[in-house]
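Architecture and fold: a report
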Amino acid sequence: YGATAFAYSLSHDLYRDLLAVYPIRDASEIIAVAMLKVIKPRIASNRYSTEYERTFVNVWYPGCAMSRNSITEFYKRIGMDTEKRRLFQEKRLSSVCEEHHIAIDGTLRQDNSSVNDLSSFSRKSRVKGTRDISILYAFDTETGEPLCSEVFPGNSIDAVSVTSFLRDNSIRKGIIVADKGFPLKNMQEELDKNAELHYLLPLKRDSKLIGSHDALAWDSTIHCGDRALLCRKTMIDRKRYLYSFRDTYRAGKEDMGFVENSIR
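What comes next is a walk through the structure. (Residues numbered from 1 in each chain as written. Predicted model: local features only at pLDDT ≥ 70, side-chain atom pairs only at ≥ 80, totals over all residues. Heavy atoms only, no water.)

1. Examining the overall build of the chain
- Within the chain, the regular secondary structure consists of 11 helices and 8 strands.
- Considered along the principal axes of its C-alpha atoms, the chain spans approximately 65 × 50 × 40 Å.
- A buried classification covers 31% of the 264 residues belonging to the chain.
- Sequence-distant contacts, at least 24 apart, represent 48% of the contacts inside the chain between residues at least 6 apart.
- Element-wise, carbon and sulfur atoms account for 53% of the exposed surface of the chain, whose accessible area totals about 17,300 Å². (Helix = DSSP H or I, 4+ residues; strand = E, 2+ residues; numbered from the N terminus. Buried < 20%, exposed > 50% of the residue type's maximum accessible area, 1.4 Å probe, protein only. Contact = heavy atoms within 4.5 Å. Areas by Shrake-Rupley, 256 points an atom, 1.4 Å probe, with all protein chains shown as cover.)

Written as structure tokens, this is what we have:
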């Protein structure tokens, strides 16, 4: 009862937004399935019905079809209804507090399925001989709540996928977190149109910006977990800043390892 009651107490706003978009039967089944996956993270599709009946989920959201076939068909139907899914995600995005921040990030997941049209060779997986799918998502950095997500082919260009993700989900503010070499110029139009849309990109080690802006002359500290890091913030131009950090503990371990390996 405890785990179920805890999940139920924190999901009232989710259910309210679902009811604003989906029929009550679909909304109840979505929240019931989500709650079961939270309580039993590794639950198999043929166990939903059993867990649904033995927990209080069936009391709060009665009448849900939880057989294996029913769940499979429900996933398919909900997944094909793009318009309702995007309306729900827009409601979650609009509910983020003004003082909170939205991060837009992505990841590659290995997927060698022969029936998944999105499974393809990415630049990272081609060497390993495996295929990937690209998953982009936005989340509230203060609460950790996922707000929306979308799947793209594994071989899609990062800037193209991010631009499509922003437009599809009407994301007009947030911080895009990307890898080195991200082709920022390909999505400059979106950045120019949305003043509250920002980005955070790592520099290459040989970037000329590091030396020209004296980025390694750390002049302040910042706390990261239980550690204090040296840091520096430098203005590059009217719209861009350069941030640099140094973890002295990690740097010391790396220096020690380098010296020990050179002796051997």
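2. Some details on the packing of aromatic side chains
- Within the structure shown, the criterion is met by 6 aromatic pairs.
- Ring geometry for Tyr 8 against Tyr 61: centres 6.1 Å apart, planes inclined by 65°, an arrangement best described as edge-to-face. Of this pair, Tyr 8 sits in helix H1 (residues 2–9) while Tyr 61 sits in the loop between helix H5 (57–60) and helix H6 (68–80), and the two are 53 residues apart along the sequence.
- Overall, Tyr 8 belongs to the partly exposed group, its relative accessible area being 25%.
- Ring centres of Tyr 15 and Tyr 61 lie 5.1 Å apart, and the angle between their planes is 70°; on these two criteria the pair is classed as edge-to-face. Highlighted residues: Tyr 15 in helix H2 (residues 12–21) and Tyr 61 in the loop between H5 and H6, separated in sequence by 46 residues. Each member of the pair, Tyr 15 as well as Tyr 61, is classed as buried.
- Cluster of aromatic residues (ring-pair linked, three or more members): Tyr 8, Tyr 15, Phe 56, Trp 60 and Tyr 61.
- Over the ring of Tyr 241 we find Lys 233, and its NZ or CZ is 4.5 Å from the ring centre. (Phe/Tyr/Trp six-rings, centres within 6.5 Å; stacked < 30°, edge-to-face > 60°. Lys NZ or Arg CZ within 6 Å of the ring centre and 35° of its normal.)

3. Quick look at the pattern of salt bridges
- According to the stated counting rule, one finds 17 salt bridges in the structure shown.
- Arg 92 is the salt-bridge partner of Glu 145, the closest N and O atoms lying 2.5 Å from each other. Here Glu 145, found in the loop between strand S2 (132–140) and strand S3 (146–153), pairs with Arg 92, found in helix H7 (residues 82–94); they are 53 residues apart in sequence, far enough to count as distant.
- On the basis of relative accessibility, which here comes to 23%, the residue Glu 145 falls in the partly exposed class.
- Note on Arg 92: relative accessible area 2%, which makes it buried.
- Close ionic contact of Arg 240 with Asp 237 constitutes a salt bridge, the shortest N to O distance being 2.9 Å. (Salt bridge = Lys/Arg side-chain N within 4 Å of Asp/Glu carboxyl O.)

4. Topic: the sheet that holds S3
- Within the open sheet, the 5 strands sit side by side as S3-S2-S1-S4-S5. Their pairing is mixed. Sheet topology places S3 and strand S5 (197–200) at the edges, where each strand pairs with a single neighbour. Strand after strand, the sheet turns through a mean of 25° between neighbouring axes, direction not considered.
- Pairing analysis gives 9 bridges linking strand S1 (residues 102–110) to S2, with the strands arranged antiparallel. The residue of S2 that forms the bridge with Ala 103 is Phe 139.
- Of the strands in this sheet, S1 and S3 are in contact with H7, which crosses S3 at around 135°. (Pairing = 2+ DSSP bridges. Axes fitted to C-alpha atoms, helices over the stretch in contact; angles between N-to-C directions.)

5. Comments concerning the sheet that holds strand S6 (residues 220–224)
- One open sheet accounts for 3 strands, arranged S6-S7-S8; its pairing is antiparallel. What marks the edges here is a single partner per strand, and that holds for S6 and strand S8 (241–246). When strand polarity is set aside, the average angle formed by the axes of neighbouring strands in this sheet is 40°.
- Here S6 runs beside strand S7 (residues 227–235); their pairing, made up of 5 bridges, is antiparallel. Note that in S7 the partner of Ser 220 across the bridge is Cys 231.

6. Some details on the packing of helix H3 (residues 24–39) against H6
- It is at 12 Å that the axes of H3 and H6 come closest, and there the two elements cross at 115°. In this structure, H3 crosses over H6, and the sense of that crossing is left-handed. Along its contact with H3, which presents Asp 26, Glu 29, Ile 30, Val 33 and Lys 37, the element H6 presents Ile 71, Phe 74, Tyr 75, Arg 77 and Ile 78.
- Its residues placed into classes, the contact of H3 with H6 shows 6 nonpolar, no polar and 4 charged. (Left-handed = near helix turned anticlockwise from the far one by under 90°. Nonpolar A, V, L, I, M, F, W, Y, C, P; charged D, E, K, R; others polar.)

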